[in-house]
Amino acid sequence: MSEKKIPVIIDCDPGCDDTAALLLAFRCPELDIRGITTVSGNVSLEKTTYNALRVTEAIGSDVRVCPGADRPMFREPVYAPHVHGEDGLLGIGLPAPQKKASFYKAWDFIYEEAVAQKGELQIIAVGPLTNLGIALAANQDLAGMIKRIVIMGGAAAGGNVTPCAEFNIYVDPEAADLVMRSGIPLCVCGLDVTLKAYLTAEEIAGIKALGTPQAELFGAVTEQNCEKIFCPEGAPLHDPAAVLFAADESLFTSQRCWMRVETTGSITRGKTVTDCYSDAQKEANVDLVLDVDRERFAAKVREIMERY
Ligand code: BDR
Ligand code: CA
């Protein structure tokens, strides 16, 4: 008998690697995608919502897309057009969407779906954590109703926006720290693992050659990230790593540890502070994902894309 699918919400800011993550998530047989929530991050909320609508249409899904926060909880927005282009999708030119965004706000949808799923809901969070921060601040009982959050964000070592902070956590450190303190089971796929979860240029070309519009789209949003300074072997699949972790943890290795987010430091804003390389052991609150079986990961990505 087949296992019950995992009900998930994908909270995202598409975004090139968010788009790759969505393409994969909708063909993971393990996942039942209840909805997409969007947030200000790589580009503005208006653009991430528009992109989520056109990407889900390219996938052929009528899943609901619920817009969330148009700015971090307490700070000015920070965007990444130098990575994702002014429109968030490198001007790739997907058709305008037919469908409209949901009238539900992201945090209301998260709460209602958590209630509806009776403790089984998981969230895959691959953008700044503002929507979850707002949802937790507004609903005292929410934390106890979410089974797990798989986060793409942070790093035990290093950063990409600053020497010590990763983009998603840097953008809204207060929201991220609220999530860290929530008591919800958390799995953190930070740069430690996502820089190892890469596809080579040849592997991306192989997926593109599958010839479906979805494989073309996957290639277009992924190939531009090849051979950057910290991942000379190929293109790191940051957000897809969180999706694949949610679907099949056996590809990854993780370690229980304590994690909090620096919110007050002048040069350490958004650093995820852990005790995993420290003698000062504290009470663990996260599973920190540190390694991936790269060959199996790449094979699984291809196998999923072959389902289009
Ligand atoms: C993360 O930042 C964003 O630019 C990507 O979409 C990913 O979620 C990587 O640091
Ligand atoms: Ca993202």
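Everything below is about the structure shown above.
Report follows, based on the coordinates. (Residues numbered from 1 in each chain as written. Chains lettered and ligands numbered in written order. Predicted model: local features only at pLDDT ≥ 70, side-chain atom pairs only at ≥ 80, totals over all residues. Heavy atoms only, no water.)

Focus: the site of ligand 1
Here is step 1: Lining the immediate surroundings of ligand 1 are D17, D18, N42, H84, V126, M152, N160, E166, F167, N168, H238 and D239.
Here is step 2: Here N42 contributes a side-chain N or O atom positioned 2.6 Å from an oxygen atom of ligand 1.
Here is step 3: In isolation ligand 1 has 280 Å² of accessible area, and contact with the protein removes 95% of it.
Here is step 4: Assessed atom by atom at 2 Å from the grid points, ligand 1 resides in the largest pocket.
Here is step 5: For the shell around ligand 1, the secondary structure elements donating two or more residues are α1 (16-25), α6 (167-171) and α11 (238-247).
Here is step 6: Class assignment for the residues of the shell around ligand 1 results in three nonpolar, five polar and four charged. (Near = heavy atom within 4 Å. Polar contact = N/O pair within 3.5 Å; in protein donor to acceptor, adjacent residues only side chain to side chain. Areas by Shrake-Rupley, 256 points an atom, 1.4 Å probe, with all protein chains shown as cover. 1 Å grid on protein atoms, 1.4 Å probe; cavity = no way out; pocket = protein on both sides within 12 Å on 5 of 7 lines; lining within 4 Å. Sits in = over half its atoms within 2 Å of the grid points. Helix = DSSP H or I, 4+ residues; strand = E, 2+ residues; numbered from the N terminus. Nonpolar A, V, L, I, M, F, W, Y, C, P; charged D, E, K, R; others polar.)

Topic: helix α5 (residues 130-138)
Here is step 1: Among all positions in α5, only T130, N131, L132, G133, A135 and L136 are buried.
Here is step 2: Summarising the contacts, the buried residues of α5 are in contact with β1 (6-12), β2 (31-38), α4 (106-116), β4 (122-125), β5 (148-152) and α7 (173-180). (Buried < 20%, exposed > 50% of the residue type's maximum accessible area, 1.4 Å probe, protein only. Contact = heavy atoms within 4.5 Å.)

Considering the sheet that holds β4
Here is step 1: Strand order across the open sheet formed by eight strands is β3-β2-β1-β4-β5-β6-β12-β9, with mixed pairing between neighbours. Looking at strand neighbours, the two that pair on one side only are β3 (65-67) and β9 (252-257), the edges of this open sheet. The sheet shows a mean angle of 25 degrees between the axes of neighbouring strands, direction not considered.
Here is step 2: Direction of pairing for β9 relative to strand β12 (residues 286-292): antiparallel, over a ladder of six bridges. For R256, the partnering residue across the bridge sits in β12 and is D287.
Here is step 3: The sheet strands contacting α4 are β1, β2, β3 and β4, and the helix crosses β2 at an angle near 155 degrees. (Pairing = 2+ DSSP bridges. Axes fitted to C-alpha atoms, helices over the stretch in contact; angles between N-to-C directions.)

What to know about the pattern of salt bridges
Here is step 1: In this structure the tally under the stated criterion is 18 salt bridges.
Here is step 2: A salt bridge links D177 to R181; the shortest N-O distance between them is 2.6 Å.
Here is step 3: Note on R181: relative accessible area 55%, which makes it exposed.
Here is step 4: A salt bridge links K300 to D248, with the nearest nitrogen and oxygen atoms 3.8 Å apart. Highlighted residues: K300 in helix α12 (residues 294-305) and D248 in the loop between α11 and β9, separated in sequence by 52 residues.
Here is step 5: A cluster of three or more residues bridged by salt bridges with shared partners is formed by E30, D248, R296 and K300. (Salt bridge = Lys/Arg side-chain N within 4 Å of Asp/Glu carboxyl O.)

Structural notes on the coordination of the calcium ion (ligand 2)
Here is step 1: Surrounding the calcium ion (ligand 2) are the protein donor atoms D13 (OD), D18 (OD), D18 (OD), V126 (O) and D239 (OD), at 2.3 to 2.7 Å.
Here is step 2: Here the donor residues of the calcium ion (ligand 2) share one chain and are spaced in sequence as D-x4-D-x107-V-x112-D. We note that D13, like D18, is buried. (Donors = N, O, S within 2.8 Å, 3.2 Å for Na, K, Ca; no water.)

What about α4?
Here is step 1: Where α4 is concerned, the buried positions are A106, W107, F109, I110, E113 and A114. Looking straight down α4, one finds that the buried residues subtend no more than 160 degrees of arc, so they occupy a single side.
Here is step 2: Looking at the buried residues of α4, the elements they touch are β1, β2, β3, β4 and α5.
Here is step 3: Just past α4, the residue K118 takes up positive phi, approximately 50 degrees. (Arc of directions from axis to C-beta.)

Looking at the pairing of β4
Here is step 1: Residues Q122 and I124 of β4 are buried on one face, and the alternating residues I123 and A125, pointing to the opposite face, are buried as well.
Here is step 2: When β4 meets β5, the two strands line up parallel, connected through four bridges. The residue of β5 that forms the bridge with A125 is I151.
Here is step 3: In the classification by handedness, the crossover that spans β4, the intervening α5 and the parallel β5 is right-handed. (Right-handed = clockwise from strand over helix to strand, strands pointing away.)

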